[in-house]
Each structure stands twice: as C-alpha cells, then as structure tokens.
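If you want the building blocks of each chain, they are given just below.
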Amino acid sequence: MIEKVENKDLEKLRNLFKDIRFYMGNSVLDGTMGEAYTDNISNPNFAILIVRKYCFMSGNIGKEDLHKLIDNKLKQYIIIPSNSLKNVIEEIFKDNINKLERYSIKKNPIFDKQKLQKYIEKVPEEYHIQSIDNNIAKKIKEEKFINITDNYEKNGIGYCCIYNDEIIGVASSNIFYKDGIEVNIKVKDEYRRRGIATALASKLILKCLEENKSISWDAANLWSVSLAEKLGFEYDSTYNIYALI
C-alpha cells in the first residue's frame, strides 16, 4: 500500500506537510533524519514521515487502509495527523487511544540579544554553563537525561549546566534540519525556578544566531510555552497527538 521514499523524491511530499504541526517533519523532508513513505511517489495522495518516536501523516487514505497501516506498522509511534485524518483515527481507535495536546510555536522569531545575555548573566556562578562536546553528549545519553542529536560532533549544538560535577540541565538540538534545529530542554526538578532553563535556552539561541541557524520550538506543556514566549517566541496554536494503548 505504501512504499519508502528515497531522498531524491522527498521534495514531492512537501505540499502535504505545510501545517506548522508538521514542522519537525522537515528533518525527514530535508533528508537529515528519519524516513518517509507514500502511496504514490509520482503523485502522492497520502504520506507519512517518521522521525524519532513521532509519525506525521497527511493526505487522503481509506478508513480500512489507515486502520491496517496503524495496526500493523505504526502502533509504537506517537501519531500526529492532519485535521482530516484526526477524526478518522479517533473513530477507529476510540477505545484504545490516548489523546494529548501539544502547542505550536511560531517560527522565525526576532530575538532581543541583550535581553538573552542578561538572562545568562543572572545565573549564580556556582552553576557552570558550558557547551556540549562529545564526552558530555555521551554522558547525557548514558544517563538518559534528555533526547539529543545523534553524531553530536557533526550535527549537534547545545549547552549544559554543571553543578557539583553533576549535569543538572541541558538545552540542545534533538531534531535537526539542513538550516537549523529543534530545541529540547530539561532541568532537574530540584533546580528549577533558578533561571537555569532560561539561561541555557538563551545561550543556545545566541549560538544559533551566531552560526546562522534557525531555531524551532514546539511545546509539550504550558510551562514550555511560557518559557518560549519569555525568550522571544510567539505561541501559534494547539494541536492533538495520539498514542495507542
């Protein structure tokens, strides 16, 4: 029913994934991460993009075919569908699906560099912020602290906060594109509300601006939305994601 799309044909799918909720799928369409599948490479009517734990889907597909596709191949993924497929998925899997919300953040913000620098300077000296190198990236992955970019020396960019030789916070690329990154950020619970997340994200934004990389933000909760807005991003909309149970 569907077939894998080679890199040379990825551009043919882009019209199906223009909605902002699919922005992370650009990592697949750019050929930097993940895999793509479609019903017809010459004239795509339906396609899916798979990156990390996410499966983006858009286009036209019969109800029975969609049911079989998800049942047989996509159960392990978090599904992010177009509006037209959302209702069908809710109908098919109404008794065994978790419906959650995420929050889209507008792209291409204009940042106040001086404001971001002040956020960095507010962090007490005992909390040491440094760039992530291969050794730190390896440690972050070993500790399963947060998802970050694979092959970090080549594709990664980010900062961590060290306190008493312990990694307590990270702001890093996770998904990456040809011209930019999707940020992933975490601070350990006991060190929150100390400005660490704001400082780490500010440091990462300034570095991306220096290297002429775009930086994208997609929020899993309202705390993340609030932080994004504090840094200069603008909220766009809420959308649904689905996990089968």
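Look above for the structure.
## Quick look at the packing of aromatic side chains
With the rule as written, the count across this model stands at 9 aromatic pairs. Their ring planes at 85° and their centres at 6.2 Å tell us that Phe22 and Phe56 sit as a pair that is edge-to-face. In this pair, Phe22 sits in the loop between β1 (3-4) and α1 (26-29) while Phe56 sits in strand β4 (residues 54-59), placing the two residues 34 residues apart along the sequence. Taking relative accessible area as the criterion, Phe56 reaches 0% and is therefore assigned buried. Summarising the aromatic geometry, the rings of Tyr127 and Tyr191 are spaced 6.3 Å apart at their centres and angled 75° between planes, so their arrangement reads as edge-to-face. Of this pair, Tyr127 sits in the loop between α4 (113-121) and β7 (128-131) while Tyr191 is found in the loop between β10 (180-187) and α7 (196-210), placing the two residues 64 residues apart along the sequence. Considered together, Tyr127 and Tyr191 belong to a single accessibility category, that of buried residues. When the ring centre of Tyr23 is taken as origin, the NZ or CZ atom of Lys107, which lies over that ring, is 4.7 Å away.

## As for the pairing of strand β9 (residues 166-176)
Burial analysis of β9 places 10 of its 11 residues in the buried class, which makes it a mostly covered element. The sheet contact formed by strand β8 (residues 158-163) and β9 spans 6 bridges and is antiparallel. Bridged to Tyr159 within β9 is Ala171. Joining the antiparallel neighbours β8 and β9 is a turn of 2 residues, in which Asn164 adopts a positive phi near 55°. By the bridge criterion, 6 bridges tie β9 to β10 in an arrangement that is antiparallel. Counted as the bridge partner of Ala171 is Ile185 from β10.

## Regarding the nonpolar core
The biggest cluster of nonpolar side chains holds 59 residues, and the ones touching the most others in it are Phe17, Phe56, Leu204, Ile215, Trp217, Leu231 and Phe233. Grouped together as the second largest cluster of nonpolar side chains are 19 residues, Phe46, Cys55, Leu74 and Ile92 included.

## A closer look at the pattern of salt bridges
The tally for this structure, following the rule as stated, stands at 17 salt bridges. In this structure, the salt-bridge partner of Asp150 is Lys141, at a minimum N-O distance of 2.8 Å. A residue is classified by how much of its surface remains accessible, and Asp150, at 42% relative accessible area, is partly exposed. A relative accessible area of 34% means that Lys141 is categorised as partly exposed.

## Some details on the pairing of strand β2 (residues 35-38)
Of the two faces of β2, the one lined by Ala36 and Thr38 is fully buried and the one lined by Glu35 and Tyr37 carries no buried residue. Sheet analysis places β1 next to β2, joined by 2 bridges and oriented antiparallel. When the sheet's bridge partners are listed, Glu3 is paired in β2 with Thr38. Where β2 meets strand β3 (residues 46-51), 4 bridges bridge the pair, whose relative direction is antiparallel. Considered in β3, the bridge of Tyr37 is made with Ile48.

## Considering the sheet that holds β7
As summarised here, the arrangement of the 5 strands in space is β7-β8-β9-β10-β11, forming an open sheet in which the pairing is mixed. Every other strand in the sheet has two partners, leaving β7 and β11 (214-216) as the edge strands with one partner each. Each strand axis lies, on average, 30° off the axis of its neighbour in the sheet, ignoring direction. Here helix α5 (residues 134-142) sits on the sheet and contacts β7, β8 and β9; the angle it forms with β9, its principal contact strand, is near 95°.

## Quick look at unusual backbone geometry
Notably, Arg52 is not glycine yet its phi reads approximately 55°, a positive angle. With respect to the helices and strands, the residue Arg52 is situated in the loop between β3 and β4. You can call Arg52 partly exposed: its relative accessible area is 33%.

The rules behind each value
Residues numbered from 1 in each chain as written. Predicted model: local features only at pLDDT ≥ 70, side-chain atom pairs only at ≥ 80, totals over all residues. Heavy atoms only, no water. Phe/Tyr/Trp six-rings, centres within 6.5 Å; stacked < 30°, edge-to-face > 60°. Helix = DSSP H or I, 4+ residues; strand = E, 2+ residues; numbered from the N terminus. Buried < 20%, exposed > 50% of the residue type's maximum accessible area, 1.4 Å probe, protein only. Lys NZ or Arg CZ within 6 Å of the ring centre and 35° of its normal. Pairing = 2+ DSSP bridges. Core = buried A, V, L, I, M, F, W, Y, C linked by side-chain atoms within 4.5 Å. Salt bridge = Lys/Arg side-chain N within 4 Å of Asp/Glu carboxyl O. Axes fitted to C-alpha atoms, helices over the stretch in contact; angles between N-to-C directions. Contact = heavy atoms within 4.5 Å.

The values are spatial; any link to function lies outside them.
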